[in-house]
Amino acid sequence: AIGMENFLGWSNAVDAVMPTHPTGYEVVMSMVVEGAHAHSQLEQTAIVLLRRAGFYMALAKLDGSCARLTSSDDGSNEIAGGDNVRGVVNALTDVAAQLEELSAAPLIPECHQ
């Protein structure tokens with residue numbers, strides 16, 4: 001996995017080599033939780049990265065839910081229902097919330113010194 005998937009730790013290659021190695025997401029999250037008071041721009045950039053990671057995770061959940069919804073065992077083009085529809089609705093709600101948060105956040109944090 002590359003890019004955001006690697007950052008989130010969705011790569012099996014990293015787990016095989018270093019199973020206890022923290023993911024990029026975990027490192028950035030600890031930076032935000034512990035605070036980087038002397039480096040406020042770094043902390044703000046980390047927050048933006050975490051917001052984008054959250055959006056990516058919501059999109060991945062939506063993608064998986066849509067794949068389950070459209071899969072059909074009988075080979076027809078009919079859409080499956082029930083719990084799969086609820087999964088897609090929940091995933092869409094998550095994507096909408098993440099998109100709203102990204103839209104409200106500044107793209108480039110301002111440096112306040």
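As a reminder, the structure under discussion sits directly above these lines.
Residues numbered from 1 in each chain as written. Predicted model: local features only at pLDDT ≥ 70, side-chain atom pairs only at ≥ 80, totals over all residues. Heavy atoms only, no water.

S.K.: Can you walk me through the overall build of the protein in this structure?
M.R.: Secondary structure summary: the protein contains five helices and zero strands in total. Reading the protein from its N terminus to its C terminus gives the helix and strand order α-α-α-α-α. Carbon together with sulfur atoms contributes 58% to the accessible area of the protein, which is approximately 7900 Å² in total. (Helix = DSSP H or I, 4+ residues; strand = E, 2+ residues; numbered from the N terminus. Areas by Shrake-Rupley, 256 points an atom, 1.4 Å probe, with all protein chains shown as cover.)

S.K.: Before we go on, may I ask you to explain the environment of Leu69 in this structure?
M.R.: If you trace the backbone, Leu69 turns up in helix α4 (residues 40-70). Assessed through its relative accessible area of 13%, Leu69 is described here as buried. Expressed as a C-alpha distance, the spacing of Leu69 and Val85, which sit 16 residues apart in the sequence, is 6.5 Å. (Buried < 20%, exposed > 50% of the residue type's maximum accessible area, 1.4 Å probe, protein only.)

S.K.: Quick question: what am I supposed to make of the nonpolar core here?
M.R.: The nonpolar side chains of soluble globular proteins are, as a tendency, buried together. With seven residues, the main nonpolar core is built from Phe55, Ala58, Leu62, Leu69, Val88, Ala91 and Val95. Secondary structure elements with two or more residues in this core: α4 and α5 (83-104). Counting residues per element, this core draws most heavily on α4, at four residues. The next biggest cluster of nonpolar side chains, apart from the first, holds six residues, and it includes Leu8, Val28, Ala46 and Leu50. (Core = buried A, V, L, I, M, F, W, Y, C linked by side-chain atoms within 4.5 Å.)

S.K.: It is not clear to me how α4 should be interpreted in this structure. Could you clarify?
M.R.: Since the α-helix advances by 3.6 residues per turn, residues separated by three or four positions end up pointing in the same direction. Compared with an ideal rise of 1.5 Å per residue, which puts 31 residues at 45 Å, α4 spans 45 Å between its outermost C-alpha atoms and is within 8% of the ideal. Burial in α4 covers these residues: Glu43, Ala46, Val48, Leu50, Ala53, Gly54, Phe55, Ala58, Leu62, Ser65 and Leu69. (Expected span 1.5 Å × (residues − 1).)

S.K.: Please clarify how the pattern of salt bridges should be interpreted in this entry.
M.R.: One side chain can pair with another of opposite charge once the charged atoms of both are near each other. Counting across every chain of the model gives one salt bridge. A salt bridge links Lys61 to Asp94; the shortest N-O distance between them is 2.6 Å. In this pair, Lys61 is assigned in helix α4 and Asp94 in helix α5, connecting sequence segments 33 residues apart. Judged by its relative accessible area of 38%, Lys61 falls in the partly exposed class. (Salt bridge = Lys/Arg side-chain N within 4 Å of Asp/Glu carboxyl O.)

S.K.: Teacher, can you tell me more about the environment of Asp63 here?
M.R.: Considering the arrangement of structural elements, one finds Asp63 in helix α4. The exposed category is assigned to Asp63, whose relative accessible area is 55%.

S.K.: What's the story with the side chain of Thr23 in this structure? I'm lost.
M.R.: With respect to the element layout, Thr23 can be found in the loop between α2 (12-17) and α3 (24-34). With residues up to four places along the chain from it excluded, the contact list for Thr23 reads Phe7, Leu8 and Gly9. (Contact = heavy atoms within 4.5 Å.)

S.K.: Got a minute to help me understand the packing of aromatic side chains in this structure?
M.R.: The geometry of two aromatic rings is summed up by the distance between their centres and the angle between their planes. As enumerated under the stated definition, the model contains two aromatic pairs in all. Ring centres of Phe7 and Tyr25 lie 6.2 Å apart, and the angle between their planes is 80°; on these two criteria the pair is classed as edge-to-face. Here the residue Phe7 occupies a position in helix α1 (residues 3-8), and Tyr25 occupies one in helix α3, the gap between them amounting to 18 residues. (Phe/Tyr/Trp six-rings, centres within 6.5 Å; stacked < 30°, edge-to-face > 60°.)

S.K.: Where do I start with the packing of α3 against α4 in this structure?
M.R.: With their axes 9 Å apart at the nearest point, α3 and α4 run at an angle of 135° to one another. The angle between α3 and α4 places the two elements in the oblique class. α4 is crossed by α3, and the crossing has left-handed handedness. Across the interface between the two elements, Tyr25, Val28, Met29, Met31 and Val32 of α3 pack against Leu42, Glu43, Ala46, Ile47, Leu49, Leu50, Ala53 and Met57 of α4. Of the residues contributing to the contact of α3 with α4, the split by class is 12 nonpolar, no polar and one charged. (Axes fitted to C-alpha atoms, helices over the stretch in contact; angles between N-to-C directions. Parallel < 35°, antiparallel > 145°, perpendicular 65-115°, else oblique. Left-handed = near helix turned anticlockwise from the far one by under 90°. Nonpolar A, V, L, I, M, F, W, Y, C, P; charged D, E, K, R; others polar.)

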